[in-house]
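# Fold and geometry: a report
Below, each chain spelled out in residue letters.
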Amino acid sequence: MIVPGSSRQLRPIMRRPRGLAKPPVALRPRAVPPGVAPGQQTMRRRSRRVIELRQATKVYDTGTIHVPALRGITLVVERGDFVAIMGSSGSGKSTLMNIIGCLDVPTSGEYLIDGVDAAGMDEDELSDLRNRKIGFIFQSFNLVPRTTALANVELPLAYAGLPRDERRRRAAHALAQVGMGDRMNHAPSELSGGQQQRVAVARAIVTNPILILADEPTGNLDSRSTTEVLAIFHRLHDEGRTVVLITHEPDVADQARRVIRLADGQVVADDERAPFTPAATATTPAPRATPHTGAQQA
Ligand code: ADP
Ligand code: MG
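Attention here is on the structure that accompanies the text. Within any chain, residue numbers begin from 1 and follow the written order of that chain's sequence. For this description, chains carry letters from A and ligands carry numbers from 1, given in the order in which they are written. Given that the model is predicted, a residue must reach a pLDDT of at least 70 before its local features are reported, and side-chain atom pairs must reach 80 or more before they are shown or counted; all residues, however, enter totals for whole chains, interfaces and linings.

## Re the sheet that holds strand S4 (residues 108-113)
Worth spelling out the cut-off: Only strands that DSSP links by at least two bridges are regarded as paired with each other. Runs of E in the DSSP output that reach at least two residues are strands. Runs of H or I that reach at least four are helices, and both are numbered from the N terminus.
Taken in spatial order, the four strands make up an open sheet running S2-S1-S4-S5, and their pairing is antiparallel. A strand with exactly one partner marks an edge of an open sheet, and here the two such strands are strand S2 (66-78) and strand S5 (116-117). When S4 meets S5, the two strands line up antiparallel, connected through two bridges. Counterpart to Ile-113 in the pairing with S5 is Val-116.

## Examining the packing of helix H4 (residues 149-159) against helix H6 (residues 193-205)
Note the cut-off: Here the axes come from fitting lines to C-alpha atoms, over the contacting stretch only for helices, and the angles between their N-to-C directions go from 0 to 180 degrees. The labels follow the angle: roughly parallel below 35 degrees, roughly antiparallel above 145, roughly perpendicular from 65 to 115, and oblique for the rest. Left-handed is the label given to a crossing in which the near helix is rotated counterclockwise from the far helix by less than a right angle, and right-handed is the label when the rotation is clockwise. We call two residues in contact when the distance between their C-beta atoms, placed using the backbone, is within 7 Å. Charged means Asp, Glu, Lys or Arg here, nonpolar means Ala, Val, Leu, Ile, Met, Phe, Trp, Tyr, Cys or Pro, and polar covers whatever is left, Gly included.
Across the interface, H4 lies against H6 with an axial gap of 8 Å and an inter-helix angle of 30°. Between H4 and H6, the angle falls in the class roughly parallel. The handedness of the crossing between H4 and H6 is right-handed. On the side of H4, the interface is formed by Ala-149, Asn-152, Val-153, Leu-155 and Pro-156, while H6 contributes Val-199, Ala-202 and Arg-203. Of the residues belonging to the contact of H4 with H6, the class tally is six nonpolar, one polar and one charged.

## So, the site of ligand 1
For clarity, the cut-off: For each residue, a C-beta atom is positioned from the backbone; the residue is called near a molecule or strand if that atom sits within 6 Å of it.
In the region of ligand 1, the neighbouring residues are Tyr-60, Val-67, Ala-69, Gly-87, Ser-89, Gly-90, Ser-91, Gly-92, Lys-93, Ser-94 and Thr-95. Elements supplying a minimum of two residues to the shell around ligand 1: S2 and helix H2 (93-100). For the shell around ligand 1, the element with the highest residue contribution is H2, accounting for three residues.

## Concerning the sheet that holds strand S10 (residues 266-272)
With mixed pairing, the six strands of this open sheet are ordered in space as S6-S7-S8-S3-S9-S10. Strand pairing shows two members of the sheet lacking a second neighbour, strand S6 (134-138) and S10, which therefore form its edges. Geometrically, the sheet is characterised by an average inter-axis angle of 15° between neighbouring strands, direction not taken into account. Bridge analysis of strand S3 (residues 82-86) against strand S8 (residues 242-246) gives four bridges, and the strand direction is parallel. In the sheet register, Ala-84 faces S8, and the bridge partner there is Leu-245. In the packing of helix H7 (residues 223-238) onto the sheet, the strands contacted are S3, strand S7 (211-215) and S8, and the crossing angle to S8 comes to about 150°.

## Here we look at unusual backbone geometry
For Cys-102, which is not glycine, the phi torsion reads 60° and is therefore positive. Tracing the backbone through its elements, the reader meets Cys-102 in the loop between H2 and S4. One non-glycine residue, Asp-264, lies in the positive phi region at around 50°. With respect to the secondary-structure elements, Asp-264 resides in the loop between strand S9 (258-263) and S10.

## Structural notes on helix H3 (residues 123-133)
Spelled out, the test is: Burial in this document is a count-based property: other C-beta atoms within 10 Å of a residue's C-beta are tallied, and the residue is buried at 20 or more, exposed at 12 or fewer, or partly exposed in between, with C-beta positions derived from the backbone.
Burial in H3 covers these residues: Ser-127, Asp-128, Leu-129, Arg-130, Asn-131, Arg-132 and Lys-133. Looking at the packing, one finds that the buried side of H3 touches S4, S6, H4 and S7.

## Examining the nonpolar core
Heads up, the condition is: In this usage, the nonpolar core is the set of buried Ala, Val, Leu, Ile, Met, Phe, Trp, Tyr and Cys residues whose C-beta atoms join them within 7 Å.
Grouped together as the largest cluster of nonpolar side chains are 68 residues, with contacts concentrated most on Ile-85, Val-153, Leu-175, Ala-202, Ile-212, Leu-213 and Val-244. The element contributing the most residues to this core is H6, with six residues. In this structure Ile-212 touches Gly-135, Ile-137, Ala-204, Ile-205, Leu-236, Arg-241, Thr-242 and Val-243, once residues within four positions along its chain are discounted.

Now the structure itself:
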């Protein structure tokens, strides 16, 4: 399937979707039937396959150059998995991340996120999809400068149209989860790299996304901060979240449950490190220590 407009520029990662009359569905409180843990209900409603790529290709075509960056990627990531994507520079990692993150579309092939085909969506629908389903973490943190950690973490909730009090409460809670509860009013320049990345992780999880997508999240961190941030990823995974991280560091990839290797735009290895019970079939989901992931979760 050829996607029209596949050569368009990358989309901004977060922006307020225009023309959305109501807050996105995922952020609306949802009644949970008696006897059903909120997480379980969520898992039934959502697709088990968080990521499904079918023969996805990406060709960068600028008129003068023609670069086949992805050459037929077929890949399924199920809910609750913890995947590292590795590969040397130029192997197509960032291109793949952009497609998985709905920041770009494949030139051909298909991509379904949480069972939804992103191909037919317009810009607003895609930005809404990104806001609701994906928490992004970058090597360079991408925090808004001269703005407190709390305001940075509130931002995606503001885009989602949540009232201020609820934004505050949920952002403060997310910051506490990453051990930054005592630094909420600090600006990024007043924080270490590791602390900034923890704020970025809080921002990524505050919307309770289906997928946490991190591109070289430890690339700018010293070894101690790397350990701290990886410990947070482990905890998120233990809570049943789906984590995909891109890295070229073998030590970091070793932390993941599954390691996918790219070379020259193709998957050349896909190794499972430990037995995996997909969250959708797990009888008891891992307990979540988060009040906001309860009734608000969709
Ligand atoms: P990685 O993240 O693994 O280093 P990338 O996905 O950035 O790899 O790049 C894969 C290939 O696509 C490389 O050959 C790179 O030069 C090329 N490429 C990436 N982005 C563009 C672009 N916007 N225009 C043209 N070529 C690109
Ligand atoms: Mg890259």
